Amino acid sequence: MVNAIKINELPLEWSGQLRILGWCRQQNENSGSTAEGDYSLLAGIDLPTDLRQLDESQLERLSEELREFLITTVSQTGGHLAAGLGVVELTVALHYVFNTPHDRLVWDVGHQAYPHKILTGRREEMANLRQKGGISGFPRREESDYDSFGTGHSSTSIGAALGMAAAAKQRGEQRHSIAVIGDGSMGGGMAFEALNQAGDLDLDLLVILNDNDMSISQPVGAFRNHLARALSGKLYTTVREGGKTALSNLPQLSELVGRWEEHMKGMVMPGTLFEELGFNYIGPVDGHDLATLVATLKNMKKMSGPRLLHIITQKGRGYQRRRVILASITALHRSIPAPVK
């Protein structure tokens, strides 16, 4: 039994997290959403082969149950909660479309792999997450065949998946290699080296860029700024609107401004960078729209060569639905175990 905790005596991050967990439990009891323990679909998913037997119309309900199960279990054990909540729909879609573990799925860092663990035979073991003798908080090859790569460090997923794609080609194996990486990790040097190598080798590789514009701590670097400020900077907006007004009666100069606008779009849109590296870029796509995710992944599965799917997600999705105001991003990122009434 955990001793009673006085919220006002805890650090800001911890007290914020406890308020979040308490509010979630209270809202779960008072709302009409999936009740705690009501996991009729999830209970039948022991492995992704079970998931692939579902009708596509059932996936939305499964995602709701998965999200509620994740909140309930991690509130008891502690762990990296918010990242997993943001990729629930993506995880369901990936295991629904691809033939895992034959198809290799690599999660960058691994913070977002809890839904993956739940769907790959470790649902009951989530009660012992990060406990002595329990399952790891990160993907581990020793733990499951579905964990294609042991992670814990950022920016390694693309290189790992690229190596798997190269090995499959050399062996003549027909299998897909998928890397899921966040926008914060994408700015790492290892990620860019792997992107450059993948474009040059022209291997069958799918990179999924999970763009939630929210790392554990504030990311730095040009690429993060590139994603966050695309087509929204004051310079671009001011010149675009001011130029249109001032030059509206000067057709030749107005045409010049139009060409400048197209050039600026080409420089700042994320797809341009990946296309130049040799990737077939698709996106951005709503990462919580299951129907679109499934359809897009099915189409991209048929493509060959390096492909990149850019999805937009909401880190901690599910808390916001309950109108929770976070004390800090760090509090949302990592949950601590606590008694919740």
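Look up: the structure comes first, before these words.
Read on for a plain summary of the structure. (Residues numbered from 1 in each chain as written. Predicted model: local features only at pLDDT ≥ 70, side-chain atom pairs only at ≥ 80, totals over all residues. Heavy atoms only, no water.)

Examining the overall build of the protein
Consideration 1: Helix and strand counts for the protein come out as 15 helices and five strands.
Consideration 2: A total accessible area of about 16,300 Å² is found for the protein, and carbon and sulfur atoms account for 51% of it. (Helix = DSSP H or I, 4+ residues; strand = E, 2+ residues; numbered from the N terminus. Areas by Shrake-Rupley, 256 points an atom, 1.4 Å probe, with all protein chains shown as cover.)

Remarks on helix 14 (residues 290-301)
Consideration 1: In this model helix 14 runs 16 Å from its N-terminal to its C-terminal C-alpha over twelve residues, within 8% of the 16 Å that 1.5 Å per residue would give.
Consideration 2: Here helix 14 has its buried residues at L290, L293, V294, T296, L297 and M300.
Consideration 3: Tucked inside the fold, the buried residues of helix 14 contact helix 3 (59-77), helix 5 (88-97), strand 3 (205-211), strand 4 (280-286) and strand 5 (306-312).
Consideration 4: Residue D289 occupies the N-cap position of helix 14, its side-chain oxygen lying 3.3 Å from the main-chain nitrogen of A291. (Expected span 1.5 Å × (residues − 1). Buried < 20%, exposed > 50% of the residue type's maximum accessible area, 1.4 Å probe, protein only. Contact = heavy atoms within 4.5 Å. Polar contact = N/O pair within 3.5 Å; in protein donor to acceptor, adjacent residues only side chain to side chain.)

Here's the deal with unusual backbone geometry
Consideration 1: Across the junction of T100 and P101, the peptide omega takes the value 5 degrees, indicating a cis bond.
Consideration 2: Counting through the fold element by element, P101 comes out in the loop between helix 5 and strand 1 (104-107).
Consideration 3: Backbone torsion omega between G283 and P284 reads 0 degrees, so that peptide bond is classified as cis.
Consideration 4: Tracing the sequence through the fold places P284 in strand 4.

Here's the deal with the environment of L81
Consideration 1: Structurally, L81 is set in helix 4 (residues 81-86).
Consideration 2: Residue classification places L81 among the buried residues on the basis of a relative accessible area of 0%.
Consideration 3: For L81 and I71, which are ten residues apart along the polypeptide, the C-alpha to C-alpha distance reads 7.3 Å.

A short note on the nonpolar core
Consideration 1: Among the nonpolar cores identified, the biggest contains 45 residues, and L51, L94, M126, I208 and L297 are the most heavily contacted of them.
Consideration 2: L94 has contacts with L105, W107, I178, V180, I208 and L297, leaving out every residue within four places of it along the chain.
Consideration 3: Counting 22 residues, the second-largest nonpolar core is a separate cluster that includes A194, L195, L209 and L308. (Core = buried A, V, L, I, M, F, W, Y, C linked by side-chain atoms within 4.5 Å.)

Describing the sheet that holds strand 4
Strand-to-strand pairing in sheets goes through backbone hydrogen bonds, with the strands running parallel or antiparallel.
Consideration 1: Strand order across the open sheet formed by five strands is 1-2-3-5-4, with parallel pairing between neighbours. Every interior strand has two partners, whereas the edge strands, strand 1 and strand 4, have only one. Taking each pair of neighbouring strands and ignoring which way they run, the sheet shows an average axis angle of 20 degrees.
Consideration 2: Relative to strand 5, strand 4 runs parallel, the two being bridged by five bridges. Residue pairing across strands places V285 opposite I311, the latter belonging to strand 5.
Consideration 3: Packing against the sheet, helix 5 makes contact with strand 1, strand 2 (177-182), strand 3 and strand 5, and its axis sits at approximately 160 degrees to strand 1. (Pairing = 2+ DSSP bridges. Axes fitted to C-alpha atoms, helices over the stretch in contact; angles between N-to-C directions.)

Looking at the environment of Q174
Consideration 1: Residue position: Q174 is located in the loop between helix 7 (157-171) and strand 2.
Consideration 2: Once the C-alpha coordinates of Q174 and D204 are considered, the two residues, 30 residues apart in sequence, prove to be 9.9 Å apart.

Looking at the pattern of salt bridges
Consideration 1: Under the defined criterion, the tally for this structure stands at twelve salt bridges.
Consideration 2: Note that R61 is salt-bridged to E65, the shortest N-O span being 3.1 Å. Of the two residues, R61 and E65 both sit in helix 3, four residues apart, roughly one turn of that helix.
Consideration 3: In this structure, the salt-bridge partner of D147 is R122, at a minimum N-O distance of 2.8 Å. Placement of the pair is D147 in the loop between helix 6 (114-122) and helix 7 and R122 in helix 6, with a sequence separation of 25 residues. Grouping residues by exposure puts D147 and R122 together as buried. (Salt bridge = Lys/Arg side-chain N within 4 Å of Asp/Glu carboxyl O.)

Section: the packing of aromatic side chains
Consideration 1: Counting across every chain of the model gives two aromatic pairs.
Consideration 2: Judged by centre distance (6.0 Å) and plane angle (10 degrees), the ring pair of F274 and Y281 falls under stacked. Accessibility assignment for this pair places F274 and Y281 in one class, buried. (Phe/Tyr/Trp six-rings, centres within 6.5 Å; stacked < 30°, edge-to-face > 60°.)

Quick look at helix 9 (residues 189-201)
Consideration 1: Taking 1.5 Å of rise per residue, 13 residues should cover 18 Å, and helix 9 covers 18 Å from first to last C-alpha, within 8% of that figure.
Consideration 2: Taken together, the buried positions of helix 9 are A191, A194, L195 and A198. Projected down its long axis, helix 9 carries its buried residues within an arc of 105 degrees, all on one side. Structural note: helix 9 exposes E193 and D200 on the side pointing more than 90 degrees away from its buried face.
Consideration 3: One or two residues past the end of helix 9 sits D202, with phi positive at roughly 55 degrees. (Arc of directions from axis to C-beta.)

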